[in-house]
Structures are given as structure tokens and as C-alpha cells.
Amino acid sequence: MPFLLTEEQKHLQETIHKFCISEIAPHILGYEERGEFPRPIFEKLRALSLTGMMTPEKYGGAGLDFSTYALVIEELAKYSLSVAVSLSVTGLPQNIIYRFGNEDQKETYLKELATGKKLGAFSLSESGSGSDAAGLKTKAERKGPHYILNGTKCFVTNGKEADIYLVFVRTSEDKTKGVSALIVEKGTPGFSFGKQEKKMALQSSPTMELIFKDCAVPAKNLVGQEGQGFSIAMQALECGRITMGAASVGVATRAFEEARNYAKIRTQFGNPISHFQAIQMMLADMATSIEYSRLLVQKAAFLKDHNLPFSQIASMAKTVASDTAMQVTTKAVQIFGGNGYCQEYPVERLMREAKVLQIVEGTNQIQRLIIAKEILR
Ligand code: CAA
């Protein structure tokens with residue numbers, strides 16, 4: 001496994017960094033405060049071919065490998081976790097349609113998503129089925145050339161901003177083999193939106209309920225086979241967990257850099273606080289945990305890129321990196337002292353953002369169960 005970036009990766013990382021400084025950093029706090037989706041930023045990401053990073057060029061994507069994609073997500077998350085999460089979520093239906101969809105679905109939906117003409121969403125959770133994903137109840141009954149959907153989904157990233165939703169529905173009573181995956185387009189009669197969540201952070205990345213009432217979805221929008229949906233969701237989430245690990249490394253790195261820079265200029269007792277060992281210990285622990293988190297994320301991405309089993313490492317990477325993000329951002333607030341608790345400085349926002357990473361795409365408790373299952377297999 002290579003420990004050094006290639007020249008192409010370094011160049012891309014630098015391009016993304018410059019993009020973040022010029023196009024994200026000056027504007028994102030305004031979007032967060034207004035709770036507004038940063039559409040103009042997405043249009044610019046689209047121009048850079050970043051809306052379909054891992055989709056092959058044949059279908060309008062950039063054809064990056066997972067290791068490079070993880071670097072991009074890490075860099076974006078340093079400046080806006082909202083943007084990184086929204087971008088990663090529009091990638092989830094692409095991942096699914098590319099791997100399990102038929103050629104027609106690829107030609108239409110995958111191309112539109114990868115080119116950024118349309119925005120995607122992934123809808124698995126319901127109010128009664130979060131960790132127990134297979135407990136979902138939204139029903140899809142086959143009637144002639146349609147599935148008729150009834151039910152409510154929740155916590156859907158990209159909310160109403162998306163155009164194409166990959167929705168997991170119940171097509172039979174068998175708990176896991178009765179789940180199927182359907183592509184649902186915004187505007188389909190019977191498909192509406194429920195409440196938009198007011199969250200602790202990520203206000204510019206909308207999280208919404210989807211409501212289906214006698215909603216007729218063409219049966220040709222079934223992805224894979226009827227009953228294959230749970231397996232499809234799990235395989236997509238394995239990839240998503242590496243992505244959330246990368247985003248966690250980004251959030252932690254930004255908090256570390258802010259804390260280190262502040263410690264060098266903040267003077268107390270006649271010295272910069274970076275001269276005090278208590279602060280040095282904290283900075284050293286922060287840097288060390290970021291380093292091993294990044295290594296785990298890159299190992300998971302490397303295994304995925306080489307078609308080797310990566311499920312367990314993906315769960316480890318997501319858990320370790322998001323726990324690290326929580327710890328590092330909390331320490332960063334502590335190093336900033338009273339200023340850290342104030343919105344004038346970025347670390348309190350990073351701490352609020354880190355929390356969701358321990359929950360999203362499978363809580364860290366569920367990740368530990370997945371790891372244990374592999375160990376005891
Ligand atoms: N790949 C392929 N198949 C898999 C799989 C995987 N990674 N994991 C499980 N399966 C298969 C199993 O092999 C099994 O198949 P058989 O019945 O043929 O043996 C079947 O699925 C059932 O497996 P389990 O018995 O392990 O299933 P379970 O009901 O015990 O659930 C779980 C396992 C790990 C707890 C799973 O439910 C889970 O991951 N829960 C967390 C869900 C989650 O991450 N939700 C977040 C959604 S993201 C979101 O909503 C936000 C957003 O915007 C993106």
C-alpha cells in the first residue's frame with residue numbers, strides 16, 4: 001500500500017484546496033446561517049467534474065479511484081462538512097446504479113447524476129428503522145407496470161434539493177429478502193416532502209422526510225432484482241463508511257490546525273500557550289490520532305480499489321476517524337478556552353459537525369457489531 005500521494009493526487013488536492021479557499025470558505029457560513037443549500041457552490045463543483053467523482057467517464061463521471069476520492073472528500077470537509085456530505089450522498093445512488101442497475105438506468109439516471117445535471121439522494125431510514133435498517137415498512141405493491149408506494153422515509157440528505165432518489169421499500173414480508181431498491185424521480189404524483197429537520201449543525205445540507213401516498217413508480221425503475229435491496233443498501237453503505245471516515249479526518253485536521261495556530265499566538269502567563277506542556281500533550285495526541293485515522297481510511301480505500309474485502313476495515317475506519325473527530329474538535333475548543341465556545345471562532349462549529357459523523361451511515365455502535373461479527377466469523 002503506497003504511503004505517498006502520486007503527482008496527480010497532489011495536484012488534485014491542491015486544486016481542491018484552492019477551490020475551498022476561494023469558493024467555499026468566504027460563503028459557507030452565510031449558507032449555514034440561512035439554512036440554505038449552496039447551489040452555486042455545487043454548480044462550480046460540477047464544472048470541476050466533482051459531482052460524479054467515481055463514476056466511470058463513459059457515464060459522465062471523473063472515474064477516480066476510491067483513494068483519490070477520499071482525499072477530495074477530506075479536503076472539502078475541512079472547509080464544509082455540509083458540502084462534503086451532500087456531494088458524497090449524490091454519489092451513493094451513482095454507486096448503486098453503476099453496480100446493480102441496467103444499461104437504460106445507467107444511460108439516463110447515472111449520466112444525469114454524474115454530470116451534476118441532477119442531484120441524488122439515498123433513502124433507507126424510517127422513524128422506526130434506523131440501526132435496524134431491515135425493519136423498514138414503506139410498502140411497494142406491484143400493480144401492472146408500476147409499484148405503488150405508501151409510507152414515510154426520514155433523514156434523507158439533500159432533501160428536496162435532490163431530483164433522483166434511491167428509495168428502499170418493502171416488496172414482501174421476508175425481513176431482509178423483502179427489501180427492494182427503486183429509483184423515484186421528484187415530481188412523481190403521490191411523492192411529497194414532510195418536515196425538514198432542524199439540526200445541531202450542517203444547516204446548509206437539508207435533511208428531510210419523504211412521503212409516499214399511492215405513488216406509482218414505473219417497475220422499470222427497480223434496481224437489481226426484487227428482494228435484493230437490503231444487500232444493495234449494505235454494499236453501498238460499506239463504501240459510504242469509508243467516505244464518512246475521510247470526512248471525519250477532514251474535520252479533525254481543520255480543528256487541529258486551528259488549535260495549533262491559535263496556541264502559537266495566544267499568550268498567557270507571559271508566553272504563547274504552545275510553550276506549556278499541557279497544551280503540547282493535547283496537540284501531540286490530536287496529531288497522532290488524526291494520522292492513524294487517515295491511515296485506516298486509506299487502507300480501506302486501497303482494499304476497495306483492489307477488489308479485496310474491505311467491509312470490516314471500512315467500519316473500523318469510520319468508527320476510529322469519527323471518534324477521533326469528536327475528540328480532536330473537543331480538545332480544540334478546550335485549547336481556545338472561552339473563545340472556543342464562541343461562534344467568532346470555527347472550532348465550536350467543527351465540534352458540532354463532528355458529532356453527526358459518529359451517527360451517520362450506521363452508528364459507531366453498529367460499526368462495532370459489524371467488526372465483531374467479522375472477528376467471530
Ligand atoms: N454486503 C452484502 N450483504 C450483506 C452485507 C453486506 N455488507 N451485510 C449484510 N448482508 C446480508 C447478509 O449476508 C444477510 O444475507 P442472508 O440473509 O442471505 O444471509 C442479510 O444481508 C442480513 O444480514 P444481517 O443478518 O447481518 O442483517 P441485520 O438485520 O442483522 O442488520 C446491520 C445488520 C449491520 C445492523 C444493518 O442493519 C446496518 O448496517 N444497520 C445500520 C444502517 C445504516 O447504516 N443506516 C444509515 C443509513 S444512511 C442515511 O440514512 C443518511 C444518508 O442520507 C445517507
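Structure shown above.
Residues numbered from 1 in each chain as written. Predicted model: local features only at pLDDT ≥ 70, side-chain atom pairs only at ≥ 80, totals over all residues. Heavy atoms only, no water.

(A) Molecular detail of the overall build of the protein. Summing up its helical and strand segments, the protein has 11 helices and 10 strands in all. Taken against the 2.2 N^0.38 rule, which gives 21 Å for 377 residues, the C-alpha radius of gyration of the protein at 21 Å falls within 12% of a compact globule. A fraction of 72% describes how many contacts in the protein between residues 6 or more apart in sequence connect residues 24 or more apart. In the form shown here, the protein has an accessible surface area of approximately 17,000 Å², with 55% of it arising from carbon and sulfur atoms. Both charge centroids of the protein, one from 44 positive and one from 40 negative side chains, sit 3 Å from each other. (Helix = DSSP H or I, 4+ residues; strand = E, 2+ residues; numbered from the N terminus. Rg over C-alpha atoms; globule rule 2.2 N^0.38 Å. Contact = heavy atoms within 4.5 Å. Areas by Shrake-Rupley, 256 points an atom, 1.4 Å probe, with all protein chains shown as cover. Lys, Arg positive; Asp, Glu negative; His and termini not counted. Charge placed at Lys NZ, Arg CZ, Asp CG, Glu CD.)

(B) View of helix H9 (residues 311-336). Over its 26 residues, H9 runs 37 Å from end to end, which matches the ideal 38 Å to within 8%, given 1.5 Å per residue. With 19 of 26 residues buried, H9 lies mostly within the body of the structure. The positive-phi residue at the C-terminal boundary of H9 is Gly 337, with phi of around 60 degrees. (Expected span 1.5 Å × (residues − 1). Buried < 20%, exposed > 50% of the residue type's maximum accessible area, 1.4 Å probe, protein only.)

(C) Quick look at the site of the ligand. With respect to spatial proximity, 23 residues lie near the ligand, and among them Ser 131, Thr 157, Glu 238, Arg 241 and Lys 373 are the closest. Within the contact set of the ligand, an oxygen atom lies 2.8 Å away from a side-chain nitrogen or oxygen of Arg 241. Protein contacts shield 69% of the accessible area of the ligand, which totals 1,100 Å² for the unbound molecule. Secondary-structure elements contributing two or more residues to the shell around the ligand are helix H5 (81-100), strand S3 (146-157), helix H7 (229-265) and helix H11 (364-375). Here the shell around the ligand takes 7 residues from H7, the largest share from any one element. (Near = heavy atom within 4 Å. Polar contact = N/O pair within 3.5 Å; in protein donor to acceptor, adjacent residues only side chain to side chain.)

(D) Highlighting the pattern of salt bridges. Counted under the stated rule, the structure contains 20 salt bridges. Glu 36 is paired through a salt bridge with Arg 34; the nearest N and O atoms lie 2.7 Å apart. Assessed through its relative accessible area of 52%, Arg 34 is described here as exposed. The partner of Lys 175 in a salt bridge is Asp 132, and the shortest N-O contact between them spans 2.8 Å. Within this pair, whereas Lys 175 is found in the loop between strand S4 (164-170) and strand S5 (179-185), its partner Asp 132 is found in the loop between strand S1 (120-123) and strand S2 (139-143), the two being separated by 43 residues in sequence. With relative accessibility at 43%, the residue Lys 175 sits in the partly exposed group. Several salt bridges share partner residues, and in doing so they unite Glu 74, Glu 291 and Arg 294 into one network. (Salt bridge = Lys/Arg side-chain N within 4 Å of Asp/Glu carboxyl O.)

(E) Representation of unusual backbone geometry in the model. Of note in the backbone geometry, Asn 158 takes a positive phi value of approximately 80 degrees without being a glycine. Counting through the fold element by element, Asn 158 comes out in the loop between S3 and S4. Backbone geometry at Phe 269 places phi at a positive 50 degrees, although glycine is not the residue there. Tracing the backbone shows Phe 269 in the loop between strand S9 (267-268) and strand S10 (271-272). According to the relative accessible area criterion, Phe 269 is exposed, its value standing at 79%.

(F) Geometry of H7. The terminal C-alpha atoms of H7, which comprises 37 residues, lie 54 Å apart, in line with the 54 Å expected from a rise of 1.5 Å per residue. The element H7 is extensively covered by neighbouring structure, given that 28 of its 37 residues are classed as buried.

(G) Representation of the pairing of S3 in the model. With 5 bridges joining them, S2 and S3 adopt antiparallel strand pairing. Within S3, the position partnered with Lys 139 by the bridge is Asn 150. Linking S2 back to S3 in an antiparallel pair, the connection comprises 2 residues, with Gly 144 at a positive phi of about 60 degrees. With 9 bridges joining them, S3 and strand S7 (residues 207-218) adopt antiparallel strand pairing. Looking at S7, one finds that Thr 152 is bridged to Ile 211. (Pairing = 2+ DSSP bridges.)

(H) How the structure looks around the packing of H9 against helix H10 (residues 347-357). For the pair H9 and H10, the least separation of the axes is 8 Å and the interaxial angle reads 160 degrees. On the basis of their axis angle, the class for H9 and H10 is roughly antiparallel. Considering the relative orientation of H9 and H10, their crossing is left-handed. In this structure, H9 contributes Lys 318, Ser 322, Ala 325, Met 326, Thr 329, Thr 330, Ala 332, Val 333 and Phe 336 to the contact, and H10 contributes Val 347, Glu 348, Leu 350, Met 351, Ala 354, Lys 355 and Leu 357. Looking at the contact of H9 with H10 residue by residue, the class counts come to 10 nonpolar, 3 polar and 3 charged. (Axes fitted to C-alpha atoms, helices over the stretch in contact; angles between N-to-C directions. Parallel < 35°, antiparallel > 145°, perpendicular 65-115°, else oblique. Left-handed = near helix turned anticlockwise from the far one by under 90°. Nonpolar A, V, L, I, M, F, W, Y, C, P; charged D, E, K, R; others polar.)

(I) Local environment of the side chain of Lys 106. Of note, Lys 106 is situated in helix H6 (residues 103-114). No salt bridge forms around the buried Lys 106; measuring N to O, its nearest opposite-charge neighbour Glu 103 is 4.4 Å away.

(J) The packing of helix H4 (residues 66-79) against helix H8 (residues 277-305), seen in detail. Between H4 and H8, the shortest axis-to-axis distance is 8 Å and the interhelical angle comes to 145 degrees. Contact residues: H4 offers Phe 66, Ser 67, Ala 70, Leu 71 and Glu 74, while H8 offers Arg 294, Val 297, Gln 298, Ala 301, Phe 302, Lys 304 and Asp 305. Across the contact of H4 with H8, the residue classes break down as 6 nonpolar, 2 polar and 4 charged.

(K) Representation of the environment of Thr 330. The residue Thr 330 is located in helix H9 in this model. Taking the C-alpha atoms as reference points, Thr 330 and Ile 370, separated by 40 residues in sequence, lie 27 Å from one another.

(L) Inspection of the side chain of Glu 353 at higher detail. If you trace the backbone, Glu 353 turns up in helix H10. Setting aside residues no more than four positions away along its own chain, Glu 353 makes contact with Leu 81, Ala 201, Leu 202 and Val 251.

Don't take any of this as a statement about function, it's just geometry.
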